[in-house]
Structure formats: structure tokens, C-alpha cells
Amino acid sequence: MTAALALRKHGAVLAWLLLLGASSLYGSEYFVSPRGDDADTGRDTAHAFRTVGKGVSVLKPGDTLTVCPGEYFESVVAAVSGAADAAITIRAARPGTALIRGDTPLRAEFARAPGLQYTYVATVAAPVHGILERDTLKHYAAAPSAAAVDGMPATYFHDVKAGRLYLHTSGATAPDRHALAQAGVAGEHGLLLRPTDESSTIRNVLIDGLAACGFVRAQPGSTRRTGLGIGIARAKHCTIRRCTTFLNATGIAIIGLKGKSRHRETALRQDGADACVVERCTSYGNDDGGGSAAAIVCRETVRNSVIRDCVAFMSSRGIRFYSGVIENCVIENNVALLTGDIWEKGNFSIRNRIAGNVCQVINNYGADNVIERNLTGYGSGPQGAVVTAAVAANLLTSELPDFEPARHFADPLHLDYRLQSDSEFRGTGRAPRPYRDEVLFVRPDGDDAAAGTSVRQAWRTLEKAARTAMAGQTVYILPGRYDAVLEPAHTGTPEKALVFRRRGRGQALVNGIILD
């Protein structure tokens, strides 16, 4: 055997041993698919499990669970945890395409309730935990009687003994004009990782790209609702990334501990969630009926954690750090509108930072919190004056007469608050994000010799935009008619998409196709 041949043979063996060792080091990968079978091995897509719950149940430190596109009607509550040197990953094969769903379509024959003006009634014998109007993102409130339903839109009453469901839609129209669903049928929570006792923790877990909806349960005798889309309790070094939650009581949550103390010295000694991240998530249409929940929340003693680059809208609360000790935490580069509040509300707030957010109000409870680069209306809460005093470091719309967001930002209607190149706030250090060459504009009366980096300097043709735009850039097409075929010269990447979309209201007609 020649030396070269021996080297090749030994190299092949060595490579095989390294591959085997890497597999052992990094753990196993399991798969879940709507076409799978929980009795199978789950080790590849051809032998995938059927349920997310089964997939989660087999995970050990170092393992990965990949959830294939589809809907999964189930509620998953588990105590799986990674280790300090071996994370657990639970991820969608493609972010946003794997939906854990707790609601089911409301299929019933409704008729006008006798003697009532706006109320409809149907036979529904099964328990009713809540009603969702999915087309309007409305949560119906539970009413005490059928008569009460008639006076309040978006309410329902379930007569359990008679098996009759009475409801009044949000627009007082017939139920078949809406996409109605029964909430919380699969359970109270979509995916909740929590330890079996308060002395344990969930450590080093990444949840990436999953979606959850319909996890809402009304509380008897109360306007409050419980339910959670995606969350981790007693979390240490955990991340929730690129997840989407909608029509839950709470969207996304990192939870510290239950029995938090209101005595300062005791509270500061208590353990809670630590070193956690919620990033690049979208949460909307979540409503707990007026409690302490939110679209996105880190609550009940949280330290050294961050919520960043998230979008929250049309929820009872926006984005929050809430309750217990909130120490050295960051709320950064988020958009929270309708209800558009950012909260830092600890019983004991210590050295937190609220920066680069777009919201209607900042509720501030920390005297030493850093407040900078936010676009907001005003400050509120016991330390709201800290926000008002930081006017030189923020954009407070209450202090900006004749302020028009569409003049300065890429597309406020679609929650894009990246600066246009000619905004007067560019370079001031007060805007939520520094200017970057990421947004381009086309309008029918534009000029292809212009810079293309603002509405006032927009290009005229899609051909110019298609030749020029690169990965990571967004081309906004203003309303009007464009006869060209859109043929981009460059492509995006999974992390840096190349996006073409309509800007603002109105129709953009591109080669006969309406963008709206």
C-alpha cells in the first residue's frame, strides 16, 4: 500500500469517526409532520412524528426538533430543558409555516333569537371557553345572560343546561358574515415549557419560527381570560425567535417565578428568569380581558434579558417587562401600536433601557431607566417624567407640531419605521433607527435619475428598481400603474430578503396585477 493510499484510507476513517463524534456531541434531530405518525421514529421527514407534543417529549440536551409546515391542533406543556453546554432547539422548518392551533371553526346553524334585536342563537352543547371573530381579530366578552348580549356587540352567552349559544357579532351582522371560532378547544396553552416544580428551571432552549393561535379561556365570573401562545417559565439563557402569535390571551411570554415577594430586600434575593431573549417576533390580536398580559411580555422577576426587533399590534397590551424585580433589561427596536404601549413596570425596577422603539406611550416605572431614540407620544407611569425629560434624545410627537410619519419613514401604515434618506431626523440620534441604505421607492411621476431613497426622490420605473435593488433592501411601489414586468436582477437570501411591496393606501397596478 502506498503512503498516499494509506493516508486517504486513514483520512476517510478519521472523517467518519469525526462525523460520528459530532453527531453524538450535537445530539439528534427529530421531525414532526401533519402526515407523520407518533408511533414512528421521528428521525427524518419520511418517518416523522404526527404531533409536536410527541416530538417535544423525546428531546434531550443537544437535540433539535424540526416542525414541518402545517397546522397542529394540540396543546403542548412540557418540562424539557437543555443543559449549560447543550441547547435544545424547537424550530419550524420554515418560519411562520408551522401553526399550533387551539381554536376550531364555529360550525352551527344560527337564527335570530326570539324577542332580541341583535342576538343570534344556535345549539352548541360542547363547552365554550371563548369565541373569536378571526376576520376582525375580536375576542368576544362573556356576558351573564342572553338579554345582556343584545346590548353589547362582540359578546356571547352560553346556556350550558340548554346547550344554546347566544352571540352578538362586532358589527351586529349575521354570524355567517364572519369567520367565527371556538377558542381554547385544544387546551389553554400552545407551547409552554415549564419545570415541574419551582426549584427547577428551563435552561438553554431556542424556540424558532413557530406560530400559535386560539389559546384563550374565559374565567368564570370574570372578564379576564387565560391562555398563552408560546412561552417558557423559569427560563435561563432561553430564546424565542421569529415566532408569530395571534388571537391568544397572551402572545409570547418569558416567566420568572410565581411567589414573588413585595418586600424589596427579599425580592432582590429571589431567583427568576435570567439572560433570555425574545427577538424578531410578531404578535397581534391577543387579549386577556384587562389583566397583566400582553402581546409580548417578560414577567415576574426577570434579569439581564431583552425584547428586540419585535412587532406587536391590536392587542390589549403591547410589549412589557412586568412585575417583580426587573433588572438590567432592554426593550429595543420594537414597534407596538394599537394598543401601542411599551411598559417597564417592575415592583422594583433597576437599570433598564428602553431604546429605539415606536409606540404611542412609554409606561416607565424606573427612575434610573435609560430612555433614548424612541418615537412615542408621551411618558406615563410613576416615572413618566423621565421620558418627558429625555425629549432631546427621543422623538415625542406631543412636542412635534404638524408631525407626519409618512414624510420621514419608509411605510408607517405597514409598520416600517426605517428612515427615508431626506428625513430631517437623519443623523440626529433621536430617530428609532439610524439611516441605512435599505429602502427604495418608485412612483409613477418619479425620476430614474434620482437617488430612489425617499418618496420625494423616487424612481419612475420598476425596471430601474429591479436592476438596482439588492438583498436586504425593500422597494416600495407607490399607488399607480406600472406596465413593466417585474424581473429583479438580484436575489435575496434567507436572512436578507429582497422585497417589493406597495406603499401606503391605494392600488399599485403592476403589469395588470394589483398589489394591495
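Before reading further, recall that the structure is shown in the block above.
Residues numbered from 1 in each chain as written. Predicted model: local features only at pLDDT ≥ 70, side-chain atom pairs only at ≥ 80, totals over all residues. Heavy atoms only, no water.

Draft legend 1. Layout of the overall build of the protein. Helix and strand content of the protein: seven helices and 52 strands. For the protein, the spread of C-alpha atoms along the three principal axes comes to 95 × 60 × 60 Å. Looking at the protein alone, contacts between residues at least 24 apart form 58% of all its contacts between residues at least 6 apart. Carbon together with sulfur atoms contributes 52% to the accessible area of the protein, which is approximately 23100 Å² in total. Computing the positive centroid from 58 side-chain charges and the negative centroid from 51, the protein places the two 2 Å apart. (Helix = DSSP H or I, 4+ residues; strand = E, 2+ residues; numbered from the N terminus. Contact = heavy atoms within 4.5 Å. Areas by Shrake-Rupley, 256 points an atom, 1.4 Å probe, with all protein chains shown as cover. Lys, Arg positive; Asp, Glu negative; His and termini not counted. Charge placed at Lys NZ, Arg CZ, Asp CG, Glu CD.)

Draft legend 2. Local environment of unusual backbone geometry. With an omega of -5 degrees, the peptide bond running from leucine 338 to threonine 339 counts as cis. Here threonine 339 lies in strand S37 (residues 335-345). One non-glycine residue with positive phi stands out, namely glutamate 300, at about 65 degrees. Within the secondary structure layout, glutamate 300 lies in the loop between strand S30 (296-299) and strand S31 (302-303). Although it is not a glycine, asparagine 333 adopts a positive phi angle of roughly 60 degrees.

Draft legend 3. Quick peek at the side chain of arginine 303. Structurally, the position occupied by arginine 303 is in strand S31. Polar side-chain contacts of arginine 303 include one of 3.2 Å to the side chain of glutamate 327. Among all residues touching arginine 303, those that are not within four sequence positions of it are Ala267, Leu268, Gln270, Asp271, Gly272, Ala273, Asp274, Ala275, Val325, Glu327 and Cys329. (Polar contact = N/O pair within 3.5 Å; in protein donor to acceptor, adjacent residues only side chain to side chain.)

Draft legend 4. Up close: the layout of surface pockets. The computed volume of the largest pocket comes to approximately 1600 Å³. Lining the largest pocket are 35 residues, and of these Arg280, Asp309, Asp416, Arg418 and Thr474 lie nearest its centre. Elements represented by at least two residues in the lining of the largest pocket include exactly strand S33 (311-313), strand S46 (416-419), strand S48 (474-477) and strand S50 (499-502). Looking at the lining of the largest pocket, the element that brings in the most residues is S46, giving four residues. Estimates place the volume of the second largest pocket at around 540 Å³. Along the wall of the second largest pocket there are 25 residues; nearest its centre are His189, Ile255, Lys258, Arg299 and Glu300. (1 Å grid on protein atoms, 1.4 Å probe; cavity = no way out; pocket = protein on both sides within 12 Å on 5 of 7 lines; lining within 4 Å. Points joined across faces, edges and corners; volume = space filled by probe spheres on them.)

Draft legend 5. Structural view of the environment of histidine 490. Within the fold, histidine 490 resides in the loop between strand S49 (480-482) and S50. Judged by its relative accessible area of 30%, histidine 490 falls in the partly exposed class. A sequence separation of 21 residues divides histidine 490 from alanine 469, and the C-alpha atoms of the two residues are 7.1 Å apart. (Buried < 20%, exposed > 50% of the residue type's maximum accessible area, 1.4 Å probe, protein only.)

Draft legend 6. Geometry of the nonpolar core. Of all hydrophobic cores here, the largest spans 60 residues; its most connected members are Val56, Leu193 and Leu210. Residue contributions to this core peak at three residues, all from strand S5 (residues 88-92). Other than its neighbours up to four places away in sequence, valine 56 contacts Leu65, Val76, Ala78, Val80, Ile90, Leu191 and Leu193. One finds Val439, Val442, Ala458 and Trp459 within the second-largest nonpolar core, a separate group that totals 20 residues. (Core = buried A, V, L, I, M, F, W, Y, C linked by side-chain atoms within 4.5 Å.)

Draft legend 7. Structural view of the pairing of strand S1 (residues 29-32). The pairing of S1 with strand S2 (residues 64-67) spans four bridges and is parallel. By the bridge assignment, glutamate 29 is partnered in S2 with threonine 64. Crossover handedness for the path S1 to helix H2 (residues 52-57) to S2: right-handed. (Pairing = 2+ DSSP bridges. Right-handed = clockwise from strand over helix to strand, strands pointing away.)

Draft legend 8. Quick look at the environment of asparagine 511. Its place among the elements puts asparagine 511 in the loop between strand S51 (508-510) and strand S52 (513-515). When the C-alpha atoms of asparagine 511 and aspartate 483 are compared, they prove to be 4.6 Å apart, with 28 residues separating the residues in sequence. Excluding anything up to four places from it in sequence, asparagine 511 contacts Tyr482, Asp483, Ala484 and Val485.

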